[in-house]
Amino acid sequence: MTTITEFLYARLDEDEATAQAARGATWVASQRDGVVDLDDTHGHQIAGVDGGLAWSDAEFMAHHDPARALREIAAKRFLIDQ
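Criteria and thresholds
Residues numbered from 1 in each chain as written. Predicted model: local features only at pLDDT ≥ 70, side-chain atom pairs only at ≥ 80, totals over all residues. Heavy atoms only, no water. Core = buried A, V, L, I, M, F, W, Y, C linked by side-chain atoms within 4.5 Å. Buried < 20%, exposed > 50% of the residue type's maximum accessible area, 1.4 Å probe, protein only. Helix = DSSP H or I, 4+ residues; strand = E, 2+ residues; numbered from the N terminus. Expected span 1.5 Å × (residues − 1). Arc of directions from axis to C-beta. Contact = heavy atoms within 4.5 Å.

S.K.: Summarise the nonpolar core; cite the residues concerned and give the values.
M.R.: Residues Ala25, Trp27, Val36, Leu38, Leu53, Ala58 and Ala62 constitute the largest nonpolar core, which totals seven residues. Broken down by secondary-structure element, the contributors of at least two residues to this core are strand 2 (35-40) and helix 2 (55-63).

In structure tokens form, the structure reads like this:
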């Protein structure tokens, strides 16, 4: 039988793998001349097609970037350990 702690750690491991696969970077949204861009701090473009990405989506994605997800995972692991 799986304990709740094992279950929680398994879900956090999945989230961590997803965040790492997304480069683990901080994402930044910008908008110029009607084009919305979502880039990471390593200089990689995440998304940016004229009319292909709504500003509200880019803001949300940047706010919940992989780097933030990794910080939240670390905090959740700390709380579980307590």
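On we go.
S.K.: Explain helix 3 (residues 66-81) to me, using residue names and the numbers behind them.
M.R.: Between its terminal C-alpha atoms helix 3 stretches 23 Å, which fits the 22 Å expected from 16 residues at 1.5 Å a residue. Residues of helix 3 that are buried include every one of Pro66, Ala67, Leu70, Ile73 and Arg77, and no others. Along the long axis of helix 3, the arc covered by the buried residues comes to 120°, so they all point the same way. Turned more than 90 degrees off the buried face of helix 3, the exposed positions are Arg71, Phe78 and Leu79. Lining the buried residues of helix 3 we find helix 1 (4-21) and strand 1 (27-32).

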